[in-house]
Amino acid sequence: MAKGDVFFANFLIKFGPYGNLMDYFKEIVAPAFFDEELSREYGDTTSYFLQNVIYLEDIEGAGPAIVGRLVKDTTLHRDQYFDPAQGLVQDESDLESAPTSMFCILLRNHKIIYGYETRFAPDLVAFKATLGKFVREKHKQYCRNISKSMKSEGYSKAEIEETFPPKPDVRVVELASRDSISQFISQYQVLRKIDVLVLDKNDENGDLKELYKELRKRKNKLSSRKSRVTHYSLEGL
């Protein structure tokens, strides 16, 4: 991971088969981004948290966006180092480090622009894990608030749980460029089979919207988490 590298990906939050990111934006998603007390611990010396998160009504005509920074606060530990004259020298030492990445989530089409600000910056996998934890925490908090309010009104436990939104599923799917796909295909002399996975996604407009809508309808009817469309030719595609 090099300083200045930029990546593009789909940013998906699903609440069951039908709930999307914007359906619970105010209640769950936004609080997951803007609660500065949230953090994700990794091991004994590393924690991830968000910083300088802001909401923009419109970002250069692309619609509303959430912009911020993911911080990896960690401690690097050294047991020894190499000296040309002395060889390996035992010398324990700690160094505080906080590499960062910047993100911009476009809420209109659910895309994320993600860039490394420093060397050893947290990658998209770390971003997904961190946001996933934060969204799950805010989902639990939202359900607790509903439960507390409805209990005071005399509702039963079963009635209360029926009002809970489904558990969230956060996904970050990096986008493949046309060049990267062409480069991958060019490795094969004959390409006989192509599998297309149909995953749950947020609602968005696009050239293939109706096709994906029909495929997802059939997938949901079968209670399938993912579906596969296969193209095959013995002579090559």
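Residues numbered from 1 in each chain as written. Predicted model: local features only at pLDDT ≥ 70, side-chain atom pairs only at ≥ 80, totals over all residues. Heavy atoms only, no water.

**With respect to the pattern of salt bridges**
Tallied over the full model, the rule gives 5 salt bridges. The closest approach of N and O atoms between R78 and D91, which form a salt bridge, is 2.3 Å. In this pair, R78 is assigned in strand β4 (residues 65–83) and D91 in strand β5 (residues 87–97), connecting sequence segments 13 residues apart. What makes D91 partly exposed here is its relative accessible area of 30%. (Salt bridge = Lys/Arg side-chain N within 4 Å of Asp/Glu carboxyl O. Helix = DSSP H or I, 4+ residues; strand = E, 2+ residues; numbered from the N terminus. Buried < 20%, exposed > 50% of the residue type's maximum accessible area, 1.4 Å probe, protein only.)

**Concerning the pairing of strand β7 (residues 111–116)**
Judged by how many residues are buried, β7 sits mostly within the fold: 5 of 6 residues are covered. Alignment of strand β6 (residues 100–106) against β7, held across 6 bridges, turns out to be antiparallel. When the bridges of β7 are listed, C104 appears paired with I113. Counted between consecutive antiparallel strands, the loop separating β6 from β7 contains 4 residues, among which H110 sits at a positive phi close to 60 degrees. (Pairing = 2+ DSSP bridges.)

**So, the nonpolar core**
Ranked by internal contacts, the top residues of the largest apolar core, which has 32 residues, are F11, F33, F103, I112 and F127. Looking at this core, the elements that each hand over two or more residues are β1 (6–15), α1 (25–34), β3 (46–56), β4, β6, β7, α2 (124–152) and β8 (168–174). F127 has contacts with F11, F33, L70, F103, I105, I112, Y114 and V172, leaving out every residue within four places of it along the chain. (Core = buried A, V, L, I, M, F, W, Y, C linked by side-chain atoms within 4.5 Å. Contact = heavy atoms within 4.5 Å.)

**Quick notes on the side chain of S101**
Note on placement: S101 falls in strand β6. In this structure S101 comes out as buried when scored by relative accessible area, which is 0%. Setting aside residues no more than four positions away along its own chain, S101 makes contact with G68, R69, L70, Y114, G115, Y116, E117, A121 and P122.

**Quick look at α2**
The end-to-end C-alpha distance of α2 is 42 Å, a good match for the 42 Å that 29 residues give at a rise of 1.5 Å each. Measuring from the side-chain oxygen of the N-cap residue of α2 to the backbone nitrogen of V125 gives 3.2 Å; that N-cap residue is D123. G154, located one to two residues past α2, shows a positive phi value of around 90 degrees. (Expected span 1.5 Å × (residues − 1). Polar contact = N/O pair within 3.5 Å; in protein donor to acceptor, adjacent residues only side chain to side chain.)

**Here we look at the packing of α1 against α2**
Helix-helix packing: each pair is described by the crossing angle between the helix axes and the interaxial distance. Where α1 contacts α2, the axes come no closer than 8 Å and their chain directions differ by 130 degrees. The angle between the axes of α1 and α2 places the two elements in the oblique class. The element α1 and its partner α2 pack so that their crossing is right-handed. Facing E27, I28, P31, A32 and F33 of α1, the residues of α2 in contact are F127, L131, F134, V135, K138, H139 and Y142. Tallied by class, residues from the contact of α1 with α2 come to 9 nonpolar, 1 polar and 2 charged. (Axes fitted to C-alpha atoms, helices over the stretch in contact; angles between N-to-C directions. Parallel < 35°, antiparallel > 145°, perpendicular 65-115°, else oblique. Left-handed = near helix turned anticlockwise from the far one by under 90°. Nonpolar A, V, L, I, M, F, W, Y, C, P; charged D, E, K, R; others polar.)

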